[in-house]
Amino acid sequence: MSSDREDLLARIQALERALVEAEETNRALVSGQVDAIVDRSGSRALLLHEAQAALQRSEERYRTIVTTAEEGVWTVDPAFITTFANQRLASMLGYEVEEMIGRPADEFIDAAGREAMRERFERHTRAGDRVRTDVPYRRKDGTLLWTSVGASPLVDPDGRFAGSLAMLTDITERRMAEEENRRSEERFKMIFQSSPAAIGIGDGGTIVDGNGRYCEFYGYDRAELIGRNVLELGLWVELADRDRMLAMVREAGSVRDFETSFRRKSGEVRDALLYVEILDGRAGGEPVLLIMVVDTTERKRAVLNLRESAERYRVLFDDNPMPMWAFDQETLAIVAANEAAARQYGYTTRELTSKSLLDIEPSLESEKTAESVRKPEQGRVSDGPRKHRRKDGTLLDVDVHANDVELKGRRLRLAVLHDVTKRQALEDQLRQSQKMEAVGRLAGGVAHDFNNLLTAILGYSDLLDVRFKTGDSGREEIGEIRRAAERAASLTRQLLAFSRKQVLVPEVLDIGEVVRGLSGLLGRLIGEDIRIDVVIAPDLGLVEADPGQMEQVVMNIAVNARDAMPEGGKLLFEVRNVELSAADAGGSEDVPPGSYVMIAITDSGIGMTPEIRKGIFEPFFTTKEPGKGTGLGLSMVHGIVHQSGGAIRVYSEPGHGTTFRIYLPRVAVPRKAALPTPGISPAPSRGGSESILLVEDEEPLRRLAKRILDLAGYTVLEARDPEDAKRIARTHDGPIHLLLTDVVMPGSSGPELAASLTKELPQMRVLFMSGYTDDAIVHHGILNPGSHFLSKPFAPHQLVKRVREVLARDVA
């Protein structure tokens, strides 16, 4: 490029010299300087002849330069009008010379460069400057001509600006090449920056540039990466790899598929393939390199996995304990199956691979469902549980985890088939447990409110009873009212047992002795046509439970067994230690692994269908005729066992009898039993003269308790709720010896009220009463030691007796 411009400058300078010589001679001839020349030469005629000869030589030299020049020569006057154009210029533009003379020069310039060229002419050429620039022209046929223009100013004999002389060199091909290079560079930049591949440029180990993916690959921001040395950043895991790569590039000029590893900013090592090209080779130094980095970490892992999968196919597929198969997505034919799958479905592998998925999955008999299975999936497919049919016709719940693969143009789906039938059953059990819990909460709430009513009925019945003498007719009716109320109280105790809200009095006991002690009573209860056998292991462990409630559990199951054997049969009681592993527990949350004492009660009765078996622990569920039972017996058993920290399972099939297995946790160290709850005693209790703060939100019950305590001689301060009780305690002048409070009340509980008042009245005793107890008094149905409790419903003498017992105790 520089040599072309120097040559053009030399040509312009030669032409200028020829013009100067011709103009000087011409000026000499026309300016009257002939006389001066005559004086020097002595001959006017001779001088004129020599001057004309010199002018002719100058013009010939000028004409020779102009006509033989490879460049176009163009002169314009001060108005930018063409005054001269050589043949080369006319040819370049596609005109005849005559067509150009007299026309404005900017008519021939492309519109894009016209204004700039006019500005250069006016600003620089008129000022006497030489101008060199690239100018676009339009040929006569409309095509674009790029020229390199060297322009110089022309002056007249008086030194005034007379126009401009320009020499034009056709550089269209060069400009087109430059334009193509520019477009190539723009395309390169666009590809470089937007490429999904990581591309960088390195110079002597320094990172000159890198696109977004390049920076992302190394985990750096662009500002952190560009201009830094790869050795300084520690990008190469193995420097020997870098030396080997550079040697290969110097030898071959490029590198393909060069495997190596790089360390990211986070320290993570990533595998990569390098594609390297030399952009600029430098003698004696490191070349400038164009580098493309392909992250192969995941692909490499996949290849390794695939290789291992191929090598271990027989181990991972044929001998895999998980059932697996592959089926054709078009035909749904099973093309491969392992031994585990064959066992799961009851076939041999040969039989299974002769089947279609339609033979195994009943829902696929619908064409719409089958079509959904045929659709290819991206990545892993997880679906389930789905119903699959075994060879014997039974159905399994199966979770399917699959991948779509292509083998020799055939679309297959490789599936792992996890039998979740047991899991589904456990989930059903969980839902059943949640339903039982909800019903239990309802039953407990109903029993609590019912107990309040029964307390009032029983209390007022007793108060009325004392007004009648023995033999009075009214006393018999009162007795009937009381007996009906007691039966209702028994029903509420069953509801509380089911809801696990009854108060237990646990103690460490030998459950074998409990069962052995009941065997004689059971013989009379269930009849002589049923044989009873009791087998108790000699090394039986101890459990912690309420013995009375455990007796009720055994009795209820025995009575149900009697009803299942209307024509007689056998009833076996087994009590022994068991150790349940995770496998024995079957993953069930209600029977976790551990040490238990198991009570197994087996009858030879008619058994139960699965539908009946599912509902036996639900409250009010019964298979008896109306009026023959409430259906609360087994639900109460369920509540007592679970409240005691144990679990119960039932096994039964129609015609094969029933077995109930009760698991109670064994205890190694006996725990101190909770305070016993006093039972109903017909003996009257004496009262006292102390002050009692009575807190009960149920008005009928509050009035009854106040009347009973008033009759017993106590001073009763009556409060309808905890806030009312606090107000009375603050304003009462004398001492308060006892706080008698309900457990569950609106706003604040009885235990919270007691905790608040005992801070101010530390000598005050506390007696709680409730139809059931919540976690403030009873934790999982076991009375907290140290708390005094009276269970509703209660008789007047029970209330007076319990109050007296609490007042008579020493303050702890």
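Residues numbered from 1 in each chain as written. Predicted model: local features only at pLDDT ≥ 70, side-chain atom pairs only at ≥ 80, totals over all residues. Heavy atoms only, no water.

Topic: the overall build of the protein
Now for step 1: In terms of helices and strands, the protein carries 28 helices and 29 strands.
Now for step 2: Every one of the 812 residues in the protein was classed for burial, and the buried ones make up 42%.
Now for step 3: For the protein, the proportion of contacts with a sequence separation of at least 24, taken over those separated by at least 6, is 59%.
Now for step 4: Roughly 43,100 Å² of accessible area belongs to the protein as shown, and the carbon and sulfur atoms make up 52% of that amount. (Helix = DSSP H or I, 4+ residues; strand = E, 2+ residues; numbered from the N terminus. Buried < 20%, exposed > 50% of the residue type's maximum accessible area, 1.4 Å probe, protein only. Contact = heavy atoms within 4.5 Å. Areas by Shrake-Rupley, 256 points an atom, 1.4 Å probe, with all protein chains shown as cover.)

Focus: the packing of aromatic side chains
Now for step 1: Under the criterion given, the structure shown has 12 aromatic pairs.
Now for step 2: Between Trp74 and Tyr137, the ring centres sit 5.7 Å apart and the planes meet at 40°, which makes this aromatic pair tilted. Of this pair, Trp74 sits in strand β1 (residues 72-76) while Tyr137 is found in strand β3 (residues 131-138), placing the two residues 63 residues apart along the sequence. Judged on exposure class, the residue Trp74 and its partner Tyr137 are both buried.
Now for step 3: Ring geometry for Tyr596 versus Tyr663: centroids 5.9 Å apart, planes at 80°, classification edge-to-face. One end of the pair, Tyr596, is in strand β20 (residues 594-603); the other, Tyr663, is in strand β22 (residues 658-667), and 67 residues separate them in sequence.
Now for step 4: Using a relative accessible area of 7% as the deciding quantity, one classes Tyr596 as buried. (Phe/Tyr/Trp six-rings, centres within 6.5 Å; stacked < 30°, edge-to-face > 60°.)

So, the pairing of β22
Now for step 1: Pairing analysis gives two bridges linking strand β18 (residues 542-545) to β22, with the strands arranged antiparallel. What sits directly across from Leu542, in β22, is Val667.
Now for step 2: Here β20 pairs with β22 via eight bridges, running antiparallel. The residue of β22 that forms the bridge with Ala600 is Arg661.
Now for step 3: Two elements, strand β21 (residues 647-652) and β22, share six bridges in a ladder whose sense is antiparallel. What sits directly across from Ile648, in β22, is Ile662. (Pairing = 2+ DSSP bridges.)

Points about the side chain of Thr133
Now for step 1: Considering the arrangement of structural elements, one finds Thr133 in strand β3.
Now for step 2: Residue Thr133 is classed as buried on the basis of its relative accessible area of 12%.
Now for step 3: Within the local environment of Thr133, its side chain forms a polar contact with the side chain of Arg120, the two groups lying 3.4 Å apart. (Polar contact = N/O pair within 3.5 Å; in protein donor to acceptor, adjacent residues only side chain to side chain.)

Let's talk about the sheet that holds strand β29 (residues 789-791)
Now for step 1: Taken together, the five strands give an open sheet; going across it, the order is β24-β23-β25-β26-β29, and neighbouring strands pair in parallel fashion. Edge positions in the sheet fall to β24 (715-719) and β29, since each of these pairs with one other strand and no more. Taking each pair of neighbouring strands and ignoring which way they run, the sheet shows an average axis angle of 20°.
Now for step 2: Two elements, strand β26 (residues 765-770) and β29, share three bridges in a ladder whose sense is parallel. Each bridged residue has a counterpart across the sheet, and for Phe768 the counterpart in β29 is Phe789.
Now for step 3: Sheet strands in contact with helix α25 (residues 699-711) are β23 (691-695), β24 and β25 (738-742), and its direction is about 170° off that of β24.
Now for step 4: Docked against the sheet, helix α28 (residues 796-808) engages β23, β25, β26 and β29, running at close to 150° with respect to β26. (Axes fitted to C-alpha atoms, helices over the stretch in contact; angles between N-to-C directions.)

A few points about the pattern of salt bridges
Now for step 1: By the definition in use, this model includes 48 salt bridges.
Now for step 2: Across the pair Arg126 and Glu122 runs a salt bridge, and its minimum N-O distance is 2.7 Å.
Now for step 3: Residue class for Glu122 comes out partly exposed when judged on its relative accessible area of 34%.
Now for step 4: Among the salt bridges present, the one from Arg175 reaches Glu178, with a minimum N-O distance of 3.7 Å. (Salt bridge = Lys/Arg side-chain N within 4 Å of Asp/Glu carboxyl O.)

Observations concerning the packing of α25 against α28
Now for step 1: Two elements in contact, α25 and α28, have axes separated by 10 Å at closest approach and are oriented at 65°. Comparing the axis directions of α25 and α28 gives the class roughly perpendicular. The chirality of how α25 crosses α28 is right-handed. The residues of α28 that touch α25, namely those facing Ala705, Ile708 and Leu709, are Pro796, Leu799, Val800 and Val803.
Now for step 2: Tallied by class, residues from the contact of α25 with α28 come to seven nonpolar, no polar and no charged. (Parallel < 35°, antiparallel > 145°, perpendicular 65-115°, else oblique. Left-handed = near helix turned anticlockwise from the far one by under 90°. Nonpolar A, V, L, I, M, F, W, Y, C, P; charged D, E, K, R; others polar.)

Some points on the side chain of Thr147
Now for step 1: Considering the arrangement of structural elements, one finds Thr147 in strand β4 (residues 144-155).
Now for step 2: Excluding residues that lie within four positions of it along the chain, Thr147 makes contacts with Met92, Thr133, Asp134, Val135, Tyr137, Leu168, Thr169 and Ile171.

As for the environment of His737
Now for step 1: Note that His737 resides in the loop between α26 (722-731) and β25.
Now for step 2: Classification of His737 by relative accessible area gives partly exposed; the value is 30%.
Now for step 3: Sequence-wise, His737 and Thr715 are 22 residues apart; in three dimensions their C-alpha atoms are separated by 9.9 Å.

Observations regarding the environment of Leu709
Now for step 1: The topology assignment puts Leu709 in helix α25.
Now for step 2: The class for Leu709 is buried, based on a relative accessible area of 0%.
Now for step 3: A C-alpha to C-alpha distance of 9.7 Å links Leu709 and Ser689, two positions 20 residues apart in sequence.

Notes on the sheet that holds strand β5 (residues 161-170)
Now for step 1: If you trace the five strands from one edge of the open sheet to the other, you get β2-β1-β5-β4-β3, paired in antiparallel fashion. Of all strands in the sheet, those with a lone pairing partner are β2 (82-85) and β3, marking the two edges. The sheet shows a mean angle of 30° between the axes of neighbouring strands, direction not considered.
Now for step 2: Across eight bridges, the pairing between β3 and β4 is antiparallel. Considered in β4, the bridge of Val131 is made with Ala151.
Now for step 3: Set on the sheet, helix α6 (residues 111-125) makes contact with β1, β3, β4 and β5; between it and β3 the angle comes to about 150°.
Now for step 4: Along the sheet, helix α7 (residues 172-194) contacts β3, β4 and β5; its crossing angle with β4, the most-contacted strand, is approximately 125°.

Re unusual backbone geometry
Excluding glycine, residues mostly carry a negative phi; peptide bonds, for their part, are mostly trans.
Now for step 1: The backbone of Phe80 sits at a positive phi, close to 70°, despite the residue not being glycine.
Now for step 2: If you trace the backbone, Phe80 turns up in the loop between β1 and β2.
Now for step 3: Despite not being glycine, Leu332 shows a phi value in the positive range, around 65°.
Now for step 4: Positionally, Leu332 belongs in the loop between β11 (324-328) and β12 (334-337).

Focus on the confidence of the model for the protein
Now for step 1: In the predicted model, the protein carries a mean pLDDT of 78, and 73% of its residues have values of at least 70.
Now for step 2: Residue range residues 671-685 is modelled with pLDDT below 50. Its contacts to residues more than four positions away, or to other chains, number 30 contacts. (pLDDT = per-residue confidence, 0-100.)

Brief notes about the nonpolar core
Now for step 1: Core analysis: the biggest nonpolar cluster contains 39 residues, and Ile511, Ile557 and Leu571 have the highest contact counts within it.
Now for step 2: A total of seven residues in this core trace back to one element, the largest contributor, which is helix α21 (residues 547-563).
Now for step 3: The contact partners of Ile511, leaving out residues within four places of it in the chain, are Leu540, Val543, Met550, Val575, Val597, Ile599 and Leu664.
Now for step 4: Among the nonpolar cores identified, the runner-up in size contains 24 residues, and Leu235, Phe258, Leu289 and Val293 belong to it. (Core = buried A, V, L, I, M, F, W, Y, C linked by side-chain atoms within 4.5 Å.)

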